[in-house]
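Structural features, examined
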Amino acid sequence: MSFLFSRSSKTFKPKKNIPEGSHQYELLKHAEATLGSGNLRQAVMLPEGEDLNEWIAVNTVDFFNQINMLYGTITEFCTETSCSVMSAGPRYEYHWADGTNIKKPIKCSAPKYIDYLMTWVQDQLDDETLFPSKIGVPFPKNFMSVAKTILKRLFRVYAHIYHQHFDSVMQLQEEAHLNTSFKHFIFFVQEFNLIDRRELAPLQDLIEKLGSKDR
């Protein structure tokens, strides 16, 4: 959640704000309050009487903002030269396609890939037909599949940071932020089964370690 990042206000893309006074803003405040209790498994659960789509929407926006901040702190280390391919360790390489502008997956550097990815996510979050911010406006039928794609792609930024830039994160003393943010993200996607297990493979050991500490 945003309170974790008091030290660094640098973001990669402009922050996505949830309008104050809206029901989603109240949900975000609820999420921040339960996160403050330190029990992440409990914090990700759907609050009683709330709409699942809305809960997923609010948290997806929040994770975008968190990853935006985290990646923003290490952009100077993630360059065309240092990261000429978008990878998460030697076994996993990602090629970009968004299905509309770029239909056939292209191989590109990590900074380019992450720029494409975060711009694409931003466009989805700003689309009122996908992420309605007004009360009473229904979520579209394909909302869940869009949210799953967003979260699957955001995971890749965590995976890249952990595999390629963890030394820089340590130097900046941001590892507690990164670990808490990632743990929150993983507990959330596990709670609602939002990312296929195969997609999580690049960080499987870390995921198991985080989970076992919390049982």
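Each value, and the rule that gives it
Position numbers for residues count from 1 along each chain, tracking the sequence in the order it is written. In view of the model being predicted, local features appear only for residues whose pLDDT reaches at least 70, and side-chain atom pairs are presented and counted only at 80 or more, with totals across whole chains, interfaces and linings using the full set of residues. Note: side-chain values were computed over all heavy atoms of the structure, leaving out hydrogens and water. Each nonpolar core is a collection of buried residues, namely Ala, Val, Leu, Ile, Met, Phe, Trp, Tyr and Cys, held together in the definition by side-chain atoms within 4.5 Å. Burial classes: relative accessible area under 20% of the type maximum marks a residue as buried, over 50% as exposed, and values in between as partly exposed (1.4 Å probe, protein chains only). The numbering of helices and of strands both runs from the N terminus, where a helix is a DSSP run of H or I of at least 4 residues and a strand a run of E of at least 2. Contacts between residues were defined by any pair of non-hydrogen atoms, one from each residue, lying within 4.5 Å. Any pair of Phe, Tyr and Trp rings, taking the six-membered ring for Trp, is counted once the centres come within 6.5 Å. Such a pair is stacked with planes under 30 degrees apart, edge-to-face with planes over 60 apart, and tilted for the rest. Whether a charge sits over a ring depends on NZ of Lys or CZ of Arg being within 6 Å of the ring centre and within 35 degrees of the ring normal. Any two cysteine sulfur atoms lying within 2.5 Å of each other are counted as a disulfide. Axes here refer to lines fitted to C-alpha atoms; in helices the fit is confined to the stretch in contact. Angles between the N-to-C directions go from 0 to 180 degrees. Roughly parallel means an angle under 35 degrees; roughly antiparallel means over 145; roughly perpendicular covers 65 to 115; every other angle is labelled oblique. We call a crossing left-handed when the near helix sits turned anticlockwise from the far one by less than a right angle, and right-handed when that turn is clockwise. Under the scheme applied, nonpolar residues are Ala, Val, Leu, Ile, Met, Phe, Trp, Tyr, Cys and Pro; charged residues are Asp, Glu, Lys and Arg; polar residues are all the others, including Gly. Multiplying one less than the number of residues by 1.5 Å gives the expected span of a helix. What we call the bend at a residue is the angle made by axes fitted to the seven residues finishing there and the seven residues starting there. UniProt positions are given in the numbering used here, feature names are shortened, and annotations may be inferred rather than shown by experiment.

Labelled according to an unreviewed UniProt entry, the protein chain appears under the name MOB kinase activator 1A isoform X2, originating from Solea senegalensis.

We now examine the nonpolar core. In this structure, Leu154, Phe155, Tyr158, Phe182, Phe185 and Ile186 are the most contacted members of the largest nonpolar core, which totals 67 residues. Looking at this core, the elements that each hand over two or more residues are helix 1 (23-36), helix 2 (40-43), helix 3 (52-74), helix 4 (110-126), helix 5 (143-171), helix 6 (175-191) and helix 7 (204-213). Here the element with the most residues in this core is helix 5; it accounts for 13 residues. Non-local contacts of Ile186, meaning those with residues more than four positions away in its chain, are made with Phe155, Leu200 and Ile207.

Let's shift gears to the packing of aromatic side chains. How two aromatic rings sit relative to each other is set out by the distance from centre to centre and by the angle between their planes. Enumeration over the complete set of coordinates arrives at 14 aromatic pairs. Measuring from centroid to centroid gives 5.3 Å for Trp96 and Tyr113, while their planes differ by 90 degrees, and the two rings are edge-to-face. Placement of Trp96 in the loop between strand 2 (93-94) and helix 4 and of Tyr113 in helix 4 is noted, with a sequence separation of 17 residues between them. Tyr113 sits in the buried class, given a relative accessible area of 0%. Each residue in the set Phe63, Phe155, Tyr158, Tyr162, Phe166, Phe182, Phe185, Phe188 and Phe192 is aromatic and connected to the rest through ring pairs, giving one cluster. The side chain of Lys112 reaches across the aromatic face of Tyr116, ending 4.9 Å from its centre.

On to the environment of Lys15. As for its position among the elements, Lys15 is in the segment before helix 1. The spatial distance from the C-alpha of Lys15 to the C-alpha of Asn65 is 5.8 Å, given a sequence separation of 50 residues. With near-sequence residues (within four places) excluded, Lys15 lies in contact with Asn65 and Asn68.

According to the stated counting rule, one finds 0 disulfides in the structure shown. Looking at Cys78, it has no disulfide partner, and the nearest cysteine sulfur is the one in Cys83, 4.0 Å off. For the unlinked cysteine Cys108, the closest cysteine sulfur is that of Cys78, found at 11 Å. Owing to a relative accessible area of 8%, Cys108 belongs among the buried residues under this scheme.

Turning our eyes to something else, we now look at the packing of helix 5 against helix 6. One way to put it is that helix 5 packs onto helix 6 with a least axis distance of 11 Å and a crossing angle of 155 degrees. As summarised for this structure, helix 5 and helix 6 are arranged roughly antiparallel, according to the angle between their axes. In the packing of helix 5 onto helix 6, the handedness of the crossing is left-handed. Packed against helix 5, whose contacting residues are Leu151, Leu154, Phe155, Tyr158, Ile161, Tyr162, Phe166, Val169 and Met170, the element helix 6 presents Glu175, Leu178, Asn179, Ser181, Phe182, Phe185, Ile186 and Val189 at the interface. Each residue belonging to the contact of helix 5 with helix 6 can be placed in one class, and the counts come to 14 nonpolar, 2 polar and 1 charged.

Taking 1.5 Å of rise per residue, 29 residues should cover 42 Å, and helix 5 covers 39 Å from first to last C-alpha, within 8% of that figure. Approximately 85 degrees is the largest bend angle found in helix 5, and it occurs at His165. Positive backbone phi, at 55 degrees, marks Gln173, one or two positions downstream of helix 5.

Per the UniProt entry, the sites bearing "binding site: Zn(2+)" (unreviewed entry) are Cys78, Cys83, His160 and His165 in this numbering. Over a stretch of 88 residues, the named residues converge on one spot in the fold, their C-alpha atoms separated by at most 9.9 Å. Structurally, Cys83 can be placed in the loop between helix 3 and strand 1 (86-87). When sequence neighbours within four positions are dropped, the list of residues in contact with Cys83 reads Cys78, Ser109, Ala110, Pro111, His160 and His165. Inspection of the secondary structure puts His165 in helix 5. His165 sits in the buried class, given a relative accessible area of 3%.

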